[in-house]
Each structure stands twice: as C-alpha cells, then as structure tokens.
Amino acid sequence: MKTNRRCRALLAVSLNLMALLFSTTAFITTHWCEGTQRVPKPSCGKEKKTNCLNYNGNETANETNQNVVHYSWETGDDRFLFRYFHTGIWYSCEENINAAGEKCRSFIDLAPASEKGVLWLSVVSEVLYIMLLVVGFSLMCLELFHSSSVIDGLKLNAFAAVFTVLSGLLGMVAHMMYTQVFQVTVSLGPEDWRPHSWDYGWSFCLAWGSFTCCMAASVTTLNSYTKTVIEFRHKRKIFEQGFREEQNFLDQEAIKYFRERTEEERAEAGDLRLQCLHSCSPN
C-alpha cells in the first residue's frame, strides 16, 4: 500500500512539474500565434537595393536586378512583401524588412480598446494559474517527502488536488480569453499589423500541454487520495470484524467459564451441606 501510494504521488509531482515548466515557458515566449503580414515594399535607395520599389525608374543599376519592382498601377501583388511575425501575450514581433533582425511592439497596445480588459484578465489568470501550480507542487512534495503519517499525507493530498484543479480551470479560461482577444485583434487591430495568414504556434501548444498535464496531475492526486481512503477503510473494516469475532469468542469463553465455575460452586456447596448434615445428625 505504501509503495503504491508513493508511486502515485511521484507521478503526480512529475506531471505537476511538467505543467509548471510548460506554462512558464509559454507565458514568457512570443510564439502563441505566427504567420505572415502583407506589407508594401519600401522605396529603393542607397541602402535598399533589393525587394524594393523603384518609383522614378531612372536608376539603371536597378534595371538588371530582378528583385526590384518598377512601380506602376498594374503590378498588383508585386508591390507587397509577406513578412513573418509571431505574437505572444506580451509582445508581437515581426521581421524587419529594412534591416536584419526583428522589431517587437507590445501586444497590449495592439489590442482594440474593447478587448484590453479581457486581455488583462487573461494575463492575471495566467499568473494565478502558475502560482496555484507552484502551491500544488509544493504540497505534493511535502506529501511525498515529509509526511509523517497516513492522515497527514491524506490532508496534504486533498489540498494539493484542490489547488491543482483550480489552477487547471484558471489556465483553461486564460487560454480561451487570449485566443478570443487575438482573433478580434486580427480583424480590428492596426492596419500595419493585421496578418495575411496565421496559425497557432508552439507556445500555444505548450500552454494547452501544460493544462493537460495539470489535469492529469489532479486526477492522479485524487485517485491516490481515493484509493488510500478506500484501502484504509477496508483495513479498518477487517480489523473491526476480527475484533468482533475475537470479542465474541472471548465472551463465549467467559460464559462457559462462569457456567462451569457456577456448577463447581454448586457441587461444592452440595458437598458441604451433606457433610454438615452428617456431622450434625445424632448417633
């Protein structure tokens, strides 16, 4: 019983730790959503000679470069670039078409005013989600390494299960609120940011993987608590049943002893009475 309970507790701690690591990584990274943005090509100049627009058409150096588009109203999509971007809870970063690297801006500033409150609720829920995971992980570690008795272990187990379930619910709500805010921002956000195409990234997968591990840890903890309680009650029932049988056996032995004792006393009393009669009778 003790070995099985320890194995279940170790499994719950491992799942909770994975959920904590996944959620923290997702919270601080910027790959919840990623895709491409359709932006106009910049004007050609001394520092920009490729993937640009030549508005005057007089630069002979650019005429042989296939990456230079000579501006006209008939060029259509040739006037646009598709730059890569990725967005997290805090920042949205996109490829810098004028220089190497990326440029980032606050996603909170990009979100429409009507969605800022929902986004802040999502941020607060994510923080509470991580904090409750830490509390649940601490309680599970205490139950695994420092519980001195079964009763203390069951109490820690129950509290850890409650905190883990609450954290999982908060995490689910936070992820759904962020998804709603991003989808609204795609439609109503700034013109220079709106994605041409997008999909969910690896940070989003980590966030939901964290939720899955969290709920698995809570189920494992509740299962451990339930099995321990059932085994404890079963052992108590067997002990009480054995105690009753032993008590009944002792009671029967006591009754038999007192019955035999009574019969012996009666026999001794009869013998004494006969002796008294013989001694008191005249010769």
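Residues numbered from 1 in each chain as written. Predicted model: local features only at pLDDT ≥ 70, side-chain atom pairs only at ≥ 80, totals over all residues. Heavy atoms only, no water.

**Quick notes on the overall build of the chain**
Helix and strand content of the chain: five helices and seven strands. By residue count, 36% of the 283 residues in the chain fall in the buried class. Taking all contacts inside the chain whose residues are at least 6 apart in sequence as the whole, residues at least 24 apart take part in 70%. Put simply, the chain shows about 17400 Å² of open surface, and 61% of that area lies on carbon and sulfur atoms. (Helix = DSSP H or I, 4+ residues; strand = E, 2+ residues; numbered from the N terminus. Buried < 20%, exposed > 50% of the residue type's maximum accessible area, 1.4 Å probe, protein only. Contact = heavy atoms within 4.5 Å. Areas by Shrake-Rupley, 256 points an atom, 1.4 Å probe, with all protein chains shown as cover.)

**Quick notes on the UniProt feature "transmembrane region" (unreviewed entry) in the chain**
The UniProt record annotates "transmembrane region" (unreviewed entry) at residues 127–146, 158–180 and 200–226. Taken end to end, residues 158–180 has its terminal C-alpha atoms 34 Å apart, with 100% of it in helix and 0% in strand. Secondary structure content for residues 200–226 is 93% helix and 4% strand, while the C-alpha to C-alpha distance between its ends is 38 Å. (UniProt positions renumbered as here; feature names shortened; annotations may be inferred.)

**Things to note about empty space enclosed by the protein**
If you walk through the whole model with that rule in mind, you get one cavity of 30 Å³ or more. Reported here for the largest cavity is a volume of approximately 50 Å³. Lining the largest cavity are A9, A12, V13, L139, M140, E143, L156, N157, A160, T221 and S224. For the lining of the largest cavity, the secondary-structure elements that each account for two or more residues are α1 (2–28), α3 (116–145), α4 (150–188) and α5 (202–280). A breakdown of the residues in the lining of the largest cavity according to their chemical character gives seven nonpolar, three polar and one charged. (1 Å grid on protein atoms, 1.4 Å probe; cavity = no way out; pocket = protein on both sides within 12 Å on 5 of 7 lines; lining within 4 Å. Points joined across faces, edges and corners; volume = space filled by probe spheres on them. Nonpolar A, V, L, I, M, F, W, Y, C, P; charged D, E, K, R; others polar.)

**Some points on the side chain of T164**
Structurally, T164 is set in helix α4. Judged by relative accessible area, which is 1%, T164 ranks as buried.

**Here's the deal with the pairing of strand β5 (residues 91–95)**
Alignment of strand β4 (residues 80–87) against β5, held across three bridges, turns out to be antiparallel. Each residue of the ladder has a partner; that of F85, found in β5, is E94. Here β4 hands over to β5 after three residues, the two strands then running antiparallel side by side. In terms of strand pairing, β5 meets strand β6 (residues 102–106) through five bridges, oriented antiparallel. Each bridged residue has a counterpart across the sheet, and for Y91 the counterpart in β6 is S106. Linkage of β5 to β6, two consecutive antiparallel strands, is achieved through a turn of six residues, within which G101 is found at a positive phi near 90°. (Pairing = 2+ DSSP bridges.)

**Quick look at a nonpolar patch on the surface**
Taken together, the side chains of V124, V127, L128 and M131 present a nonpolar region at the surface, about 320 Å² in accessible area. Accessibility expressed as a relative area gives 48% for M131, which makes it partly exposed. (Patch = residues over 30% accessible without salt bridge, like charges linked within 9 Å, V, L, I, M, F, W, Y side chains within 5 Å. Salt bridge = Lys/Arg side-chain N within 4 Å of Asp/Glu carboxyl O.)

**Overview of the nonpolar core**
In this structure, W32, F107, L119, Y178, F182 and W193 are the most contacted members of the largest nonpolar core, which totals 28 residues. Of all the secondary-structure elements, those providing two or more residues to this core are α1, α2 (107–110), α3, α4 and α5. Sorting elements by how many residues they give to this core places α5 first, with six residues. If we ignore the near neighbours within four places in the chain, the residues touching Y178 are W32, T87, G88, I89, F107, L119 and S122. Counting 11 residues, the second-largest nonpolar core is a separate cluster that includes A12, C141, L144 and A217. (Core = buried A, V, L, I, M, F, W, Y, C linked by side-chain atoms within 4.5 Å.)

**Considering the packing of aromatic side chains**
One pass over the full model with this rule turns up 14 aromatic pairs. Ring geometry for W208 against F211: centres 5.5 Å apart, planes inclined by 85°, an arrangement best described as edge-to-face. With W208 and F211 both in helix α5 and three residues apart, the pair spans about one turn of that helix. For F211, a relative accessible area of 17% translates into the label buried. Taken together through their ring pairs, the aromatic side chains of W32, F85, F107, Y178, F182, W193, W198, Y200, F204, W208 and F211 make up a single cluster. (Phe/Tyr/Trp six-rings, centres within 6.5 Å; stacked < 30°, edge-to-face > 60°.)

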